[in-house]
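# Architecture at a glance
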Amino acid sequence: MNIRAAHNGSWVCQPNERYRSRGIFFGDNPFSFGNTVFLAQISVSSLLTCLLQCLLTPIGESSFFSQMLVGLVLGPSFNGGNSPLLEVVFPYKSFYVSETFAFFGCMIFMFLMGVKMDLTLITKSGTKAMVIGVLVFLFPLLINCLLSVYLKSTIDMDSNLKDSLTAIGAFQSSSSFYVIACVLEDLKLLNSHIGRLALSSSMISGTLSWISIVICFTLRQTSMEQQDALPWMAICVACMIILVIYILRPIMFWIVEQTNISGGPIKESYVFLMFIMMLFCSLFSEFVGQHFLLGPMILGLAVPDGPPLGSALVDKLESFVSSIMLPFYFVISGARINLSKLDMKSIWVVQLLAFGSLMGKLIGATLPSLYCKMPLVDSLTLGLIMSTQGISDILFLQQGLLLQMIDLNSYSVMVLAMMVMTGATSPIVKMLYKPSNKYTCNRRRRTIEHTSPNGELRVLLCIHHQDNTPSVINLLEVSNPTIKSPICFYLIHLIQLTGRASPLLIHHHPNRRSSKRCNLSDQIINAFQLFQQMSYDKVIMNAFTSVAPFATMHDDVCMLALEKRVSMVIVPFHKRRTMNAYEGSVNAISAVNKNILSKAPCSVGILIDPMIMATTANTVPIMNRAELYKVGLIFVGGSDDREALAYATRMVEHPMVTLTVVRLIHPKGTTHQPADQEHDFEMLNEFKLIMSSSGIKHCFYEEVTASDCVGLIGVMRKMEHNYDLILVGRRHDGDSALFVGLNEWHEYPELGFIGDMLATIDSPSDATVLVVQQQTIVGDHELLEDFRCLMDESFPMEVVKPLNSSNSWHHKPDPT
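About the criteria used
- Residues numbered from 1 in each chain as written.
- Predicted model: local features only at pLDDT ≥ 70, side-chain atom pairs only at ≥ 80, totals over all residues.
- Heavy atoms only, no water.
- UniProt positions renumbered as here; feature names shortened; annotations may be inferred.
- pLDDT = per-residue confidence, 0-100.
- Contact = heavy atoms within 4.5 Å.
- Patch = residues over 30% accessible without salt bridge, like charges linked within 9 Å, V, L, I, M, F, W, Y side chains within 5 Å.
- Areas by Shrake-Rupley, 256 points an atom, 1.4 Å probe, with all protein chains shown as cover.
- Salt bridge = Lys/Arg side-chain N within 4 Å of Asp/Glu carboxyl O.
- Helix = DSSP H or I, 4+ residues; strand = E, 2+ residues; numbered from the N terminus.
- Phe/Tyr/Trp six-rings, centres within 6.5 Å; stacked < 30°, edge-to-face > 60°.
- Buried < 20%, exposed > 50% of the residue type's maximum accessible area, 1.4 Å probe, protein only.
- Pairing = 2+ DSSP bridges.
- Right-handed = clockwise from strand over helix to strand, strands pointing away.
- Expected span 1.5 Å × (residues − 1).
- Arc of directions from axis to C-beta.
- Axes fitted to C-alpha atoms, helices over the stretch in contact; angles between N-to-C directions.
- Parallel < 35°, antiparallel > 145°, perpendicular 65-115°, else oblique.
- Nonpolar A, V, L, I, M, F, W, Y, C, P; charged D, E, K, R; others polar.

Per an unreviewed UniProt entry, the protein chain goes by Cation/H(+) antiporter 15-like and derives from Cucurbita moschata. Quoted verbatim from the Sequence similarities (unreviewed entry) heading of the UniProt record, the comment on the protein chain is "Belongs to the monovalent cation:proton antiporter 2 (CPA2) transporter (TC 2.A.37) family. CHX (TC 2.A.37.4) subfamily." The annotation that UniProt attaches to the protein chain under Subcellular location (unreviewed entry) is "Membrane".

### Focus: the confidence of the model for the protein chain
Averaged over all residues, the pLDDT of the protein chain equals 79, while 82% of them reach at least 70. Segment residues 578-585: pLDDT under 50, and 19 contacts once partners within four positions in sequence are set aside and those in other chains are kept. Within the model, the stretch residues 779-816 combines pLDDT values under 50 with 57 contacts to residues more than four positions away or in other chains.

### Examining a nonpolar patch on the surface
Where nonpolar side chains cluster on the molecular surface, the patch consists of Ile-241, Ile-242, Ile-245, Tyr-246, Ile-247, Ile-251 and Leu-273 and spans about 620 Å² of accessible area. Per-element tally for the nonpolar patch: the top contributor is helix H12 (residues 230-262), with 6 residues. Relative to the elements of secondary structure, Tyr-246 occurs in helix H12.

### Notes on the packing of aromatic side chains
This structure, assessed with the given rule, holds 17 aromatic pairs. With centroids separated by 6.0 Å and ring planes inclined at 40°, the aromatic side chains of Phe-171 and Phe-217 adopt a geometry described as tilted. A residue pair is termed long-range when its members are at least 10 positions apart, and Phe-171 in helix H9 (residues 165-172) and Phe-217 in helix H11 (residues 193-225) qualify at 46 residues. We note that Phe-171, like Phe-217, is buried. Their ring planes at 75° and their centres at 5.8 Å tell us that Trp-254 and Tyr-270 sit as a pair that is edge-to-face. Taken together, the residues Trp-254 in helix H12 and Tyr-270 in helix H13 (residues 268-287) connect sequence positions 16 residues apart. For Trp-254, a relative accessible area of 42% gives the class partly exposed.

### Overview of the pairing of strand S4 (residues 487-496)
Burial analysis of S4 places 9 of its 10 residues in the buried class, which makes it a mostly covered element. In terms of strand pairing, strand S3 (residues 457-463) meets S4 through 7 bridges, oriented parallel. Considered in S4, the bridge of Val-459 is made with Phe-489. In the classification by handedness, the crossover that spans S3, the intervening helix H21 (residues 469-478) and the parallel S4 is right-handed. As judged from the 10 bridges shared by S4 and strand S6 (residues 539-548), these two strands associate in the parallel manner. Each bridged residue has a counterpart across the sheet, and for Tyr-490 the counterpart in S6 is Asn-542.

### Description of helix H24 (residues 587-599)
Helix length check: H24, at 13 residues, gives a terminal C-alpha distance of 18 Å against a target of 18 Å (1.5 Å per residue), a fit within 8%. For H24, the full list of buried residues reads Ile-589, Ser-590, Val-592, Asn-593, Ile-596 and Leu-597. Down the axis of H24, the buried set is contained in an arc of 155°. They therefore lie on one face. Opposite the packed face of H24, turned more than 90 degrees from it, sit the exposed residues Asn-587 and Ser-598. In this fold, the buried residues of H24 make contact with helix H23 (553-564), strand S7 (568-572), strand S8 (603-608) and strand S13 (768-773).

### Points about unusual backbone geometry
The phi dihedral of Lys-188 falls on the positive side, at around 60°, and the residue is not glycine. Mapping Lys-188 onto the fold places it in the loop between helix H10 (177-186) and H11. Residues other than glycine seldom take positive phi values, yet Lys-373 does so here, at roughly 70°. Examined against the element boundaries, Lys-373 turns out to sit in the loop between helix H16 (344-371) and helix H17 (376-386). Among the residues examined, Lys-373 registers a relative accessible area of 68% and is labelled exposed.

### With respect to the packing of H12 against H13
Direction vectors running N to C along H12 and H13 enclose 175°, while the axes themselves pass 12 Å from each other. With respect to H13, the axis of H12 lies roughly antiparallel. On the side of H12, the interface is formed by Cys-236, Met-240, Leu-243, Val-244, Leu-248, Ile-251, Met-252, Trp-254, Ile-255, Gln-258 and Thr-259, while H13 contributes Tyr-270, Leu-273, Met-274, Met-277, Phe-280, Cys-281, Phe-284 and Ser-285. In terms of residue class, the contact of H12 with H13 is built from 16 nonpolar, 3 polar and no charged.

If you want it as structure tokens, here you go:
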């Protein structure tokens with residue numbers, strides 16, 4: 001017989017039989033064997049957590065709330081411990097193995113948490129983030145300490161609760177950087193203004209919380225053993241830190257160097273070596289009397305973040321840990337909690353301390369924010385984000401329970417309080433704070449149509465891959481930068497955030513060396529710097545690198561476009577062609593482009609470059625071409641077509657560019673008339689006027705009658721092989737006879753009807769296509785008036801002088 005300790009402190013005797021079942025066909029009950037029970041537990045916990053996250057994520061709930069709720073549902077709190085089904089799937093005898101697997105998952109999770117954390121945020125944090133972090137740590141701790149002293153002296157409570165009341169207040173006041181980072185990622189606020197400030201502040205408050213809690217655990221453990229082991233434990237922890245920094249970390253840098261030399265993905269042997277390091281650090285921590293999670297956490301902090309090592313570890317381990325191991329850990333943790341055995345007085349006492357912690361964090365974050373002239377809604381949102389708690393706090397509570405700093409009932413109520421507070425704050429934050437409001441709060445026209453033709457043109461160029469560089473440089477050259485009308489372009493290289501929790505927005509200064517994280521951007525930036533040098537004073541360049549999740553990458557693009565007051569954002573199409581077909585779909589980049597189209601505070605152009613071939617194709621620079629660069633424009637009507645025409649009119653002044661504008665007109669007798677037909681006529685008449693008055697020889701205008709989509713397709717088929725660049729508008733009137741039937745096979749909605757036709761696989765065109773969408777002014781009646789005034793003060797607009805209509809076809813700047 002095997003005798004094992006169960007999770008509730010009792011002893012369980014079980015026969016020493018086979019661990020695996022022979023199967024139901026041989027008369028075995030699979031749930032009588034440990035292997036089957038273990039697999040069933042993992043399956044049930046993972047499946048229920050996944051289903052609950054699908055239901056709760058749309059309303060803004062974090063993954064922690066869903067995971068903990070599943071743990072409570074499968075525990076004794078909801079079924080009284082008498083459910084026949086749960087007794088079969090979660091018998092007492094299985095908790096010995098199940099708890100070991102759950103804590104093994106926590107060990108890997110803490111290691112990955114350390115890998116994603118960037119301690120340099122502490123030194124890079126500004127004064128505001130530093131003050132908020134310190135106050136968020138001190139205010140709730142001070143409030144809860146005073147509140148616990150008052151409650152002890154005025155309320156008659158259980159003796160165990162009274163003894164642990166101070167520790168309960170301290171645990172409720174703790175915060176964690178990674179928990180806040182996970183909440184921001186769930187809410188898609190990671191690289192918003194509030195998200196960046198919350199990350200920097202939480203790094204300060206989380207570091208202070210963790211240091212104080214580790215010291216308290218060490219003091220508690222030495223006092224329980226009645227031995228003066230504190231100096232020896234401190235020496236051993238210091239030795240482990242020295243070992244990690246001066247022995248294991250150089251090995252990691254050697255791994256990174258070898259991987260960069262080989263140029264391929266990281267070897268499996270290196271990942272195995274990192275896994276051995278993690279197990280050794282965990283064993284060493286347990287050996288010297290510390291928590292076994294401390295060593296992996298310290299090792300993770302020493303791992304070089306980002307590619308190739310940090311990102312590889314996260315890619316290989318995170319999905320399995322977050323989807324399988326962590327849900328199982330929360331189920332095992334929920335088995336300790338039985339809410340039916342709690343008394344209401346204990347619940348209200350602990351909830352009062354949780355509310356005191358919430359108020360302390362709100363005050364600590366809101367007061368400095370208001371002092372720094374942040375809007376009230378943003379300040380409250382920051383305070384709510386800083387008050388969230390998660391899995392790292394649960395781990396602290398379990399260690400406090402093990403060291404008898406809190407009792408089991410207090411632990412249960414504290415977990416319930418964390419669920420209530422986090423579950424309530426996340427939807428409120430999602431409802432209060434929407435980063436896109438800052439972009440839609442733009443009441444100024446930022447388009448090429450409303451930009452002075454003799455003034456500076458500002459554009460924002462987005463680059464996903466190095467292959468996008470030649471076509472974007474050619475587009476800049478075609479845009480005709482001159483000394484009188486220069487182009488100021490802002491280059492932003494978009495990189496997916498991997499291997500770290502905090503996003504980056506790096507400004508590359510010309511006379512400053514790039515950081516190691518920017519190696520991927522160096523070649524791209526060097527190419528554009530060479531173009532700037534060859535263009536003399538015609539172009540001005542500012543380079544940025546954005547390292548962010550795909551889900552929120554558009555925030556950096558839109559915020560930069562708003563701050564720099566650009567007239568157009570140009571993004572590359574998400575698919576690239578081989579010789580005969582497109583490569584596999586990059587859905588994440590497509591989602592980024594769609595978000596930019598819907599939220600950009602200016603016009604947007606999607607650049608489709610078919611010359612990115614697998615082997616042989618090259619994009620020849622305009623300045624090196626012997627023949628003219630042929631630009632074609634398909635004009636159907638609407639604001640997007642007018643924006644494309646405005647851009648094309650700027651191009652035609654280039655000496656090596658020839659422009660042909662093809663206007664599609666309906667046959668006589670057609671009843672359908674576009675809504676803004678007058679603006680189209682005015683724009684076209686001014687275009688004809690500038691053609692005749694300026695003496696430009698390489699500019700042509702023709703009208704083609706088309707009654708249905710067949711005529712439209714015929715025009716496109718004629719143009720796609722005769723031009724180097726084709727400009728089209730994105731949005732058109734879907735009720736027009738030209739587009740009837742095209743909705744049925746609209747493969748890329750972000751390109752519009754015509755752009756989609758030119759980008760499909762059965763259109764082997766050699767022409768580059770630029771799909772243009774003019775800025776859409778969105779009503780801002782839902783925004784606060786003081787916030788709108790703040791935006792106007794933060795991003796002042798230049799004064800544009802009225803243009804003389806005799807020498808310019810552009811409309812007057814919109815007075816709004």
